Amino acid sequence: MSFEEHPVRPRKKKKRTGRAIVLSVLALVVVAGLVAGGYLWNLGRTFDSESKTITNAFPAEETRPEVKEESKGAVNILLLGSDTRATRDADEDSDDFGTLPNGGRSDTMMLVHIPADRKNVFVTSVMRDTWLDIPGVGTAKINRAFASGGVPKAVETLEGLFGVRINHVASVDFEGFKGLTDAVGGVTVNNPRGFKQSIVNGMYFPEGVQTLNGEQALAFVRERKSFPGSDYQRVKNQQLFVKALLGQLMSKETLSNPGKVSEVVSQIAPFIAVDETLDAAKVASYASSMLNLRSSDMEFFTLPNKGPGRSADGQSIVIPDMAVIEKFGKALQEDKMAEFVESTDLSR
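Criteria and cut-off values
In this convention, every chain numbers its residues from 1, walking through the sequence in written order. For a predicted model such as this one, the threshold for reporting local features is a pLDDT of at least 70, and the threshold for listing and counting side-chain atom pairs is 80 or more; totals across whole chains, interfaces and linings nevertheless cover every residue. Only hydrogens and water are set aside when side-chain values are computed; all heavy atoms of the structure are taken into account. Strands here mean DSSP runs of E at least two residues long; helices mean DSSP runs of H or I at least four residues long; both are numbered from the N terminus. Throughout this description, buried means an accessible area under 20% of the type-specific maximum (1.4 Å probe, protein chains only), exposed means over 50%, and partly exposed covers the range between. Any two residues having at least one pair of non-hydrogen atoms within 4.5 Å are treated as being in contact. Here the open area of atoms and residues is found with the Shrake-Rupley method and a 1.4 Å probe, where only the protein chains shown may cover a residue. Expected helix span is computed as 1.5 Å times (number of residues minus one). At any given residue, the bend is defined as the angle formed between two axes, one fitted to the seven residues that end at that position and one fitted to the seven that begin there. Helix axes use the C-alpha atoms of the stretch in contact, all axes being lines fitted to C-alpha atoms, and the angles between their N-to-C directions lie in the range 0 to 180 degrees. Each angle receives one of four descriptions, namely roughly parallel if under 35 degrees, roughly antiparallel if over 145, roughly perpendicular if within 65 to 115, and oblique otherwise. Polar here means any residue outside two lists: the nonpolar Ala, Val, Leu, Ile, Met, Phe, Trp, Tyr, Cys and Pro, and the charged Asp, Glu, Lys and Arg; Gly therefore counts as polar. What makes a nonpolar core is a set of buried Ala, Val, Leu, Ile, Met, Phe, Trp, Tyr and Cys residues whose side-chain atoms join them at distances within 4.5 Å. For Phe, Tyr and Trp, rings pair up if their centres lie within 6.5 Å, where Trp contributes its six-membered ring, and each pair is then called stacked (planes under 30 degrees apart), edge-to-face (over 60) or tilted (otherwise). Being paired, for any two strands, means DSSP has found at least two bridges between them. Throughout this description, the term salt bridge denotes a Lys or Arg side-chain nitrogen within 4 Å of a carboxyl oxygen of Asp or Glu. Two N or O atoms form a polar contact when they lie within 3.5 Å of each other; inside protein one atom must be a possible hydrogen donor and the other a possible acceptor, and for residues adjacent in sequence the pair counts only when both atoms belong to side chains.

Q: Requested: an account of the overall build of the protein, with residues and values cited.
A: Within the protein, the regular secondary structure consists of 11 helices and 16 strands. Residue burial in the protein is summarised as follows: out of 348 residues, 55% are buried. The contacts in the protein between residues at least 6 apart in sequence include a share of 71% that link residues at least 24 apart. Surface exposure of the protein reaches about 14,900 Å², of which carbon and sulfur atoms provide 48%.

Following this line, the structure appears as structure tokens:
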């Protein structure tokens, strides 16, 4: 199976009007926020014409786990972050797989779990170098799944690891963060450690509270070489920024301003691609059940791991903590993520 078998095509304007806006918001974990303002119809038309579809995003049915009764009301979304316009440095430990959704590499993977009671959202970052068993390939970095079978292979790998189905897939290009950040008037973050971009005349981000514009936001979420932990700190910075952005999107100031909401949708739509599996009825159901969700109800953490290491063939990898991941998978299967987070040290 090659990724070319799963092309991206422009969304047809006449089908499922309005679903793409909520899908894109799902991808950013802001399911009901933009819908709450009552602009669904016009915003949906914008997304119908601007966003894209990932066709055949899921693996063969016979490879997929059964859904347990306890978790039938929960929703799992695989969010793929790509960085198509960033300058990439070739190094021995990087995988040059192209770009998503029409290539084979994801710089960021997050599993978004929405429990049946809709009281929280749990966002788990999966490090791209996590050393996992990839069906039909063997043990390799999770990013290798994209090279061997595109989005369906990545979904199959994670479904096998967790024992749960991924209901939806969304890909968001980081470039969209620039316009989105400016559209909401900047995003305020509390940076835990100061750093400077590892490029000539790079931007400096001091420790502490600061408001980022679009260009600064891109630099903030992209940077990794400035940190001893490389991808570890970058993932934490991405989580920090996304949560802050969600808070801004969900604010009364944003949602009560039709012009600002429209600008937000227009800015992010061209940088979104989603799977085909949601219909209007499902979208309406998700939106109506999550109207009270706020950024404070969201938990962000990284898939449990034992830190960096080396594979037998010398690759730099992230060693998964399979004992904790097994508990994580069981919590997903039983829709008990709140209990898992409460009882588990997820500080790494």
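Q: Report on helix H3 (residues 144-162), specifying residues and quantitative values.
A: Compared with an ideal rise of 1.5 Å per residue, which puts 19 residues at 27 Å, H3 spans 18 Å between its outermost C-alpha atoms and falls more than 12% short. Along H3, the helix axis deviates most sharply at glycine 150, where the bend reaches about 125°; the proline proline 152 sits within four residues downstream. Across the 19 residues of H3, 15 count as buried, placing the element largely inside the fold. One or two steps after H3, the chain reaches glycine 163, where phi turns positive at roughly 75°.

Q: How would you sum up the packing of helix H5 (residues 214-222) against helix H6 (residues 231-249)? Please name residues and give values.
A: Between H5 and H6, the least distance of the axes is 7 Å, while the angle of their chain directions is 140°. Taken as axis vectors, H5 and H6 run oblique relative to one another. Listed contacts from H6 to Ala217, Phe220, Val221 and Arg222 of H5 are Arg234, Asn237, Gln238, Leu240 and Phe241. Class assignment of the residues belonging to the contact of H5 with H6 gives a composition of 5 nonpolar, 2 polar and 2 charged.

Q: Which residues make up the nonpolar core, and what are the values?
A: Where a protein is soluble and globular, its nonpolar side chains tend to be buried together. Core analysis: the biggest nonpolar cluster contains 40 residues, and Phe177, Phe220, Phe241 and Leu245 have the highest contact counts within it. Of the residues forming this core, the biggest block, 6 residues, is contributed by H6.

Q: Which residues make up the packing of aromatic side chains, and what are the values?
A: For the structure on display, the rule yields 8 aromatic pairs. With 6.2 Å between their ring centres and 85° between their planes, phenylalanine 301 and phenylalanine 328 make a pair best called edge-to-face. With phenylalanine 301 in strand E14 (residues 298-302) and phenylalanine 328 in helix H10 (residues 322-333), this pair connects stretches of sequence that are 27 residues apart. Classification of phenylalanine 301 by relative accessible area gives buried; the value is 4%. By way of ring pairs, the aromatic residues Phe162, Phe301, Phe328 and Phe340 are connected into one cluster.

Q: Can you lay out the side chain of threonine 181 for me, pointing to particular residues and giving the numbers?
A: Tracing the backbone shows threonine 181 in helix H4 (residues 175-183). Once residues lying within four places of it in the same chain are set aside, the contact partners of threonine 181 are Gly186, Val187, Leu212, Asn213, Gly214, Ala217 and Phe241.

Q: Provide a residue-level description of the pairing of strand E9 (residues 187-191), including the pertinent values.
A: Of the two faces of E9, the one holding Val187, Val189 and Asn191 is buried and the one holding Thr188 and Asn190 is not buried anywhere. The sheet contact formed by E9 and strand E12 (residues 208-212) spans 5 bridges and is antiparallel. Looking at the pairing, asparagine 190 lines up with valine 209 of E12.

Q: Give me the lowdown on H10, citing residues and values where you can.
A: Taking 1.5 Å per residue as the helical rise, H10 with its 12 residues ought to reach 16 Å, and the 16 Å between its terminal C-alpha atoms agrees with that figure. Along H10, the residues that are buried comprise Val324, Ile325, Phe328, Gly329, Ala331, Leu332 and Gln333. Phi turns positive, to about 55°, at aspartate 335, one or two residues after H10.

Q: Residues and numbers for the pattern of salt bridges, please.
A: If you walk through the whole model with that rule in mind, you get 9 salt bridges. Salt-bridge contacts for glutamate 61 lead to arginine 165; the nearest nitrogen and oxygen are separated by 2.4 Å. On the criterion of sequence distance, the pair formed by glutamate 61 in the loop between strand E2 (52-54) and strand E3 (75-82) and arginine 165 in the loop between H3 and strand E8 (168-173) is long-range, its members being 104 residues apart. For glutamate 334, the salt bridge identified is with lysine 336, shortest N-O distance 3.8 Å.

Q: Before we move on, can you summarise the side chain of glutamate 156 with the specific residues and values?
A: If you trace the backbone, glutamate 156 turns up in helix H3. The class of glutamate 156 is buried, set by a relative accessible area of 17%. When neighbours within four sequence positions are excluded, glutamate 156 is seen to be in contact with Pro59, Thr63 and Pro135.

Q: If you had to explain the environment of glutamine 197 to someone new, which residues and values would you point to?
A: Relative to the elements of secondary structure, glutamine 197 occurs in the loop between strand E10 (195-196) and strand E11 (204-205). In this view, glutamine 197 contacts Gly202, Met203, Ala219, Glu223 and Ser226; residues no more than four positions away in its chain are not counted. Polar side-chain contacts of glutamine 197 include one of 2.8 Å to the backbone nitrogen of methionine 203.

Q: So what about the pairing of strand E4 (residues 108-114)? Which residues, and what values?
A: Of all 7 residues in E4, 7 are buried, a share of seventy percent or more. Residues Thr108, Met110, Val112 and Ile114 point to one face of E4 and Met109, Leu111 and His113 to the other, with burial holding for every one of them. Judged from the 7 bridges that link them, E3 and E4 form a sheet pairing that is antiparallel. Within E4, the position partnered with asparagine 76 by the bridge is histidine 113. With 5 bridges joining them, E4 and strand E5 (residues 121-126) adopt antiparallel strand pairing.

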